[in-house]
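# Architecture at a glance
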Amino acid sequence: MNTESKTTTAVARLTVSGMGSDHCAGIIKTSLNRLGGIGEITTNIAAHRVEVSYDPSKLNLDDIRTTVEKAGYDVASISRPGVSNRIQLLVPGMGSDHCAGIVRESLQRLDGIEQINTSIASHKVHIEVAEGGPSAEQLKQAVEKAGYDVAQVASEGGEDDAEKDADIEGAYLNQVLKRLWIAGIPTTLIMLLMIPHMLWQPIPGYLLIVALLAFPVVFLYGGAATHKSTWRSLTNRTFNMDVLISMGSLPPYLIGLAGFFVTMTSFIEMAATIMTFHLLGRYLEAKAKGRASQAIRKLLTLGAKTARVERGGQELDVPVKALQPGDIMVIRPGDKVPTDGEVVEGESHLDESIATGESVPVYKAPGDTVIGATINKEGRLRVKATKVGGDTFLSQVIKLVEQAQGARVPIQEFADRMTGRFVPVVILISLASFVVWFFAADALRPILVWGAGFLPWVDPTAQTSALALISAIAVLVIACPCALGLATPTALMVGSGIGAERGILIRSGEAIQTFKDIKVMVLDKTGTITRGEPKLTEVVAADGVSEQQLLQWAATVENASEHPIARAIVKGAGEQQVTPNEVTEFRSTGARGVSGKVDGSFVLIGNRKLLAEEGVSGLEALDKNLDHLEGRGRTAVLIAVDGKACGIVAVADTIKEESVAAIRGMHELGLHVVMITGDNKRAARAVAEEVGIDEVQAGVLPEGKVDAIRALQKKHGNHIAMVGDGINDAPALKQANVGIAIGAGADVAIEAADVTLVRGELTGVVEAMHLSRATFSKIVQNLVWASIYNVAAIPIAAMGLLHPMIGVVAMTVSSLSVIGNSLLLKRVKLGVAEKTKS
């Protein structure tokens, strides 16, 4: 036991570079679940990541690593996320398990050690230290006292997991490419020799030459990793894709060696070709999946690497990782904002397209928040850092994209059931094919005679043993569980990446499938359809009074009030170049109105009841205008000067420009649109008519929204989506079948819903629905294609109509076609305007 832990539950995070499909992920889960003390297991094939909750009193990281490796998959890294301090030691002299045991024992004598993980392959020791535990220098000294030099000490705490995963993925791709070159060159030479040997002139010593050329391809660097994975998989009682490749390449080579003793067809060329095309398929798959999952790598490149900060009266350039909350950053024109913060000095426009997908720069002034990685367009800004490291908006987006890429869609259970039994079934079919052809070849030859008419590789005159071997191997190498296993995750990779670029963050895989069945879209009014802030909309002056003078009186008195309506009137007046004067004897009557003296005149502002009680004359002349404004959902206030009604100013929560287009887009999707609001029916109906809402539920308090959603679900079934601000509406968003949080920039509450729209625009809802439906459609297409391919290809191979060399190419193409189909998602048009035109 090389682990000590003081907690009852721990989480292990593994990077498994060979986990390329849901089939592989299922094998890993099955293997881990056999251990005692394993809790929840989540996999993400896009990031090649496995997270396992476990009981550290029963298991340690080495147990988990060994179990995954016994299943046939190499573990590139393993760690415990969230541990306060992770330190890595490089110990060159640690060359065996005996040495590793001595190192572990020396370190475990220190207080505060939570976890130790050793790797004699890389000569590295990974140590997790509790708060207040030993320092890196103390750890180094402990190892050196045990007799081992420490070449390097590094802290792992500040490294970004996504960056490490990207590095590991790149290393895996390079490794596969190297194996492909080593296998490809000898195989090419074999092909160049085979053609003249078979068609024109036998080459002396041909069998010996091809056997020597094929040996490193099948047994050494080309195929060794595949056979190692096969052995681990079989001893672990799990069956991965490598089992089929090993069974398809080893028998042909070994049987082909019999040609040295008896006259027979050589199968060695087949063995080398199968292994080489398998490696080619692995490389192309990894390359194509890299394109599908490029969203995270793109996000990683967006952040600034350095920041200019004010320290000790000077401006210094420091790494972004060294920033602390409260640091004052200086951001010059053209600079990227290093981390999330608040403007304390300066004005400028920032390009926030990386966060919101909106190309128009956003104006920023003191007090405004800014998002890390956005670009300062012109002015010089001083910004106080508020969030750093993993708390920043960009880090949260990366986590959400990873979460989306690792999400599971309910339809995926179909593929899981198939792939779980796939390889054993294929092996049984292959063995059955061999037996049937070996004992009943003459009865089956008419099939070959028929096939030879249009398939040049079919030879009805071949020996019985050759026909049996060819059909059995063809079944093994043409079967492709990977195509089924890639169907869902590749579509999710591409879809989530497209969404991230457009400010659409889909957290739930289930939401992608549920979206297609949504029939009712529920919208909160304030902040969703409207801006959520009152604005001066109309000014109606009585006879003999100018609008300018009326605004002057209103702005002067309201300037002394902090009421939101008062602030809207003052701001609206300022936009019309009206400046407030001095007010004296200011008095507020609560919600009814305000009054004060302006230039010696008594100005009273409030509702009609207040002015009538005060004996104001001339109100009847304004009643028609008052009714008209209130009928349109405006909040109208009357203004009287020295006892005479002089006019009306109207304020309203203005509708967002894109709301009408968004709701029209929802109708085009066949949705019934419902608005829920706490406003009165008259004001709510006015807004609904302006934007085209189908149904209005007014006077609903925040705590009543959950009941309103339940009532809609009872009426329309479980087909309800709700859009809200993600904070006040959190309970209702959770109650809805799909909750959509709409916000702005870094302030959006990303935990409140299944889908988060970073850009605070309702059109994003329509885009999210188009994206979800397109993504789910691709998942279905991929699953249908992969199923049809395997159901059709395996019987054709069993009938002897497919040569194994053709089969291994078809297997590679089937996986690539699934990935390629997923990449076609990038062509989907999401914009409301685009969809309306198309």
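Anyway, here's the lowdown on the structure attached to this text. Quick caveat, the model's predicted, so the values are computed rather than measured. (Residues numbered from 1 in each chain as written. Predicted model: local features only at pLDDT ≥ 70, side-chain atom pairs only at ≥ 80, totals over all residues. Heavy atoms only, no water.)

### As for the sheet that holds strand 14 (residues 362–364)
Reading across the sheet, the three strands line up as 14-13-16 and stay open at both edges, with antiparallel pairing between neighbours. Here the strands that pair on one side only, and so sit at the sheet edges, are strand 14 and strand 16 (375–376). With two bridges joining them, strand 13 (residues 348–351) and strand 16 adopt antiparallel strand pairing. Its bridge partner being in strand 16, Leu350 is matched across the sheet by Asn376. (Pairing = 2+ DSSP bridges. Helix = DSSP H or I, 4+ residues; strand = E, 2+ residues; numbered from the N terminus.)

### Describing the sheet that holds strand 27 (residues 695–697)
Judged by pairing direction, the sheet is mixed, and its seven strands sit side by side in the order 18-30-29-28-19-26-27 without closing on themselves. Pairing within the sheet leaves two strands with one partner each, and these edge strands are strand 18 (504–506) and strand 27. The mean inter-strand angle of the sheet, taken between neighbouring strand axes irrespective of direction, is 20°. Sheet topology places strand 18 next to strand 30 (residues 755–757); three bridges connect them, and they run antiparallel. Bridge pairing in strand 30 links Ile504 to Leu757. Sitting on the sheet, helix 24 (residues 705–716) touches strand 19 (520–524), strand 26 (672–676), strand 27 and strand 28 (720–724), and the angle it makes with strand 28 is about 155°. (Axes fitted to C-alpha atoms, helices over the stretch in contact; angles between N-to-C directions. Contact = heavy atoms within 4.5 Å.)

### Points about the environment of Val723
Looking at where Val723 falls in the secondary structure, it is placed in strand 28. Judged by its relative accessible area of 0%, Val723 falls in the buried class. The sequence separation of Val723 and Asp524 amounts to 199 residues, and the corresponding C-alpha distance is 6.4 Å. Every residue in contact with Val723, bar those within four places of it in the chain, is listed here: Met521, Val522, Leu523, Asp524, Thr528, Leu733, Ile740, Ile742, Leu762 and Val765. (Buried < 20%, exposed > 50% of the residue type's maximum accessible area, 1.4 Å probe, protein only.)

### Focus on the nonpolar core
If you look at the biggest cluster of nonpolar residues, it comprises 125 residues, and the most contacted ones within it are Leu14, Met521, Leu523 and Leu762. A per-element tally of this core places helix 26 (residues 763–798) first, with 14 residues. Residues in contact with Leu523, not counting those within four places in the same chain, are Ile529, Ile663, Met666, Val673, Val674, Met675, Ile676, Ile693, Val723 and Leu762. The next biggest cluster of nonpolar side chains, apart from the first, holds 23 residues, and it includes Val539, Val557, Val578 and Cys646. (Core = buried A, V, L, I, M, F, W, Y, C linked by side-chain atoms within 4.5 Å.)

### Side note on the environment of Ile209
Summarising the element assignment, Ile209 is placed in helix 6 (residues 206–218). On a C-alpha basis, the gap between Ile209 and Leu193 in space is 9.2 Å, while along the polypeptide they are 16 residues apart. Filtering out sequence-adjacent residues up to four positions away, Ile209 remains in contact with Leu193 and Pro204.

### Digging into the pattern of salt bridges
If you walk through the whole model with that rule in mind, you get 15 salt bridges. Note that Arg380 is salt-bridged to Glu315, the shortest N-O span being 2.7 Å. Taken as a pair, Arg380 in the loop between strand 16 and strand 17 (381–385) and Glu315 in strand 10 (residues 314–319) lie far apart in primary sequence, 65 residues in all. Within the structure, one salt-bridge network assembled from shared partners comprises Arg308, Glu315, Asp317 and Arg380. (Salt bridge = Lys/Arg side-chain N within 4 Å of Asp/Glu carboxyl O.)

### Some thoughts on the packing of helix 22 (residues 659–668) against helix 26
Packed helices, taken two at a time, are described by the angle between their axes plus the distance between the axes. Here helix 22 crosses helix 26 at 30°, and the two axes come no closer than 7 Å. Classified by the interaxial angle, the pair formed by helix 22 and helix 26 is roughly parallel. Only Thr763, Val765 and Val766 of helix 26 make contact with helix 22, whose side of the interface consists of Ala662, Gly665 and Met666. In terms of residue class, the contact of helix 22 with helix 26 is made up of four nonpolar, two polar and no charged. (Parallel < 35°, antiparallel > 145°, perpendicular 65-115°, else oblique. Nonpolar A, V, L, I, M, F, W, Y, C, P; charged D, E, K, R; others polar.)

### Description of the packing of helix 14 (residues 464–478) against helix 26
Direction vectors running N to C along helix 14 and helix 26 enclose 165°, while the axes themselves pass 8 Å from each other. As judged from the angle between their axes, helix 14 and helix 26 are roughly antiparallel. As for how helix 14 packs across helix 26, the hand of that crossing is right-handed. Contact residues: helix 14 offers Ser471, Ala474, Val475 and Ile478, while helix 26 offers Tyr789, Ala793, Ile794, Ala797 and Ala798. (Left-handed = near helix turned anticlockwise from the far one by under 90°.)

### Some words on a nonpolar patch on the surface
Residues Trp181, Ile185, Leu189 and Leu192 make up a contiguous nonpolar surface patch of roughly 460 Å² in combined accessible area. Assignment of secondary structure puts Trp181 in helix 5 (residues 161–199). (Patch = residues over 30% accessible without salt bridge, like charges linked within 9 Å, V, L, I, M, F, W, Y side chains within 5 Å. Areas by Shrake-Rupley, 256 points an atom, 1.4 Å probe, with all protein chains shown as cover.)

### Re unusual backbone geometry
A negative phi angle characterises most non-glycine residues, just as the trans form characterises most peptide bonds. Despite not being glycine, Ala373 has its phi angle at roughly 80°, a positive value. Tracing the sequence through the fold places Ala373 in the loop between strand 15 (369–370) and strand 16. Given a relative accessible area of 3%, Ala373 falls into the buried group.

### Let's talk about the packing of aromatic side chains
Any aromatic ring pair is given by two values, namely how distant the centres are and how the planes are angled relative to each other. By the definition in use, this model includes seven aromatic pairs. Both rings, one in Trp450 and one in Phe454, keep their centres 5.0 Å apart while their planes meet at 75°; by these two values the pair is edge-to-face. On the accessibility criterion, Trp450 (55% relative accessible area) is exposed. (Phe/Tyr/Trp six-rings, centres within 6.5 Å; stacked < 30°, edge-to-face > 60°.)

### A closer look at the pairing of strand 24 (residues 635–641)
Of all seven residues making up strand 24, six are buried, and the element is well covered by its neighbours. Pairing of strand 23 (residues 601–606) with strand 24, which is carried by four bridges, proceeds in the antiparallel orientation. Along strand 24, the bridge assignment pairs Leu604 with Ala640. For strand 24 and strand 25 (residues 644–655), the ladder comprises seven bridges, and the chain directions are antiparallel. Each bridged residue has a counterpart across the sheet, and for Ile639 the counterpart in strand 25 is Gly647. Hairpin connection from strand 24 to strand 25: two residues lie between these consecutive antiparallel strands, with Asp642 at a positive phi of about 55°.

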